Amino acid sequence: MDQYLMSMPSGYYTIGNVEALKSLMADRQPLLVDVRSPSEYRSGHIPGATNIPLQQMARNLNKIPTDRPVVLYCSTGYRSAMGVMTLHLLNYDNVRGFPPSFAGWKAAGEAIVK
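Residues numbered from 1 in each chain as written. Predicted model: local features only at pLDDT ≥ 70, side-chain atom pairs only at ≥ 80, totals over all residues. Heavy atoms only, no water.

Visitor: Teacher, can you tell me more about the pattern of salt bridges here?
Guide: Side chains that carry opposite charge are capable of pairing whenever their charged atoms lie near each other. Applying the stated criterion across every chain, the model contains four salt bridges. Two residues, K22 and E110, come together in a salt bridge whose shortest N-O distance is 3.2 Å. Remark: E110 occurs in the segment after helix 5 (101-107) and K22 occurs in helix 2 (residues 18-28); sequence separation between them is 88 residues. Residue classification places K22 among the partly exposed residues on the basis of a relative accessible area of 30%. (Salt bridge = Lys/Arg side-chain N within 4 Å of Asp/Glu carboxyl O. Helix = DSSP H or I, 4+ residues; strand = E, 2+ residues; numbered from the N terminus. Buried < 20%, exposed > 50% of the residue type's maximum accessible area, 1.4 Å probe, protein only.)

So this is what it looks like as structure tokens:
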């Protein structure tokens, strides 16, 4: 585990701002995964996002592609970071987190789905 954590380049597994996420969504059409609970998802989420709660991720690996980018987000970045690390340990190399998360998306005035 130490070797894995020490080998991570700073910022490599993240999309740091709303504009970068929007650009990726337009260019590469990633699977956007909301790792919050179903009730949080229903209360509002980023358009096009799929809900796979963090606690259910291991049981839903068949829904997470290996042939296109995957972006995880949550409310504040904590759960999505755990999900990114989990998937990388399971040999997914196409997964990144969106640390601004839903709060950052909403604060930027972007559209949400309810």
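Visitor: Just to check I follow, could you spell out the pairing of strand 3 (residues 70-73) for this structure?
Guide: Regular strands place side chains that alternate from one sheet face to the opposite one. Neither face of strand 3 is exposed, since V70 and L72 on one face and V71 and Y73 on the opposite face are all buried. As judged from the three bridges shared by strand 3 and strand 4 (residues 95-97), these two strands associate in the parallel manner. Bridge pairing links L72 to G97 in strand 4. Tracing the backbone out of strand 3, into helix 4 (residues 78-89) and back to the parallel element strand 4 gives a crossover that is right-handed. (Pairing = 2+ DSSP bridges. Right-handed = clockwise from strand over helix to strand, strands pointing away.)

Visitor: Please clarify how helix 2 should be interpreted in this entry.
Guide: Helical periodicity: at 3.6 residues per turn, an α-helix aligns residues three or four positions apart in one direction. Every buried residue of helix 2 is listed here: V18, L21 and L24. Taken around the axis of helix 2, the buried residues stretch over an arc of 125 degrees, which confines them to a single face. With respect to the buried face of helix 2, the exposed residues turned more than 90 degrees away are E19, A26 and D27. Lining the buried residues of helix 2 we find strand 1 (31-34), strand 3, strand 4 and helix 5. For helix 2, the capping residue at the N-terminal end is N17, with a side-chain oxygen 3.2 Å from the backbone nitrogen of E19. (Arc of directions from axis to C-beta. Contact = heavy atoms within 4.5 Å. Polar contact = N/O pair within 3.5 Å; in protein donor to acceptor, adjacent residues only side chain to side chain.)

Visitor: Honestly, the sheet that holds strand 2 (residues 50-51) in this entry has me stumped. Any pointers?
Guide: Strand pairing in a sheet is mediated by backbone hydrogen bonds. Such pairs are either parallel or antiparallel. Spatial ordering of the open sheet is given by 2-1-3-4, a layout of four strands whose pairing is parallel. The sheet is open, and its two edges are formed by strand 2 and strand 4, each paired on a single side.

Visitor: Even after reading the chapter, I still don't get helix 4, so can you show me in this structure?
Guide: Look at helix 4: 17 Å from first C-alpha to last across 12 residues, which is about the 16 Å you get at 1.5 Å a residue. Every buried residue of helix 4 is listed here: S80, G83, V84, L87 and H88. Buried residues of helix 4, seen end-on, are gathered within an arc of 130 degrees and therefore sit on one face of the element. Phi turns positive one or two residues past the end of helix 4, at N91, with a value near 75 degrees. (Expected span 1.5 Å × (residues − 1).)

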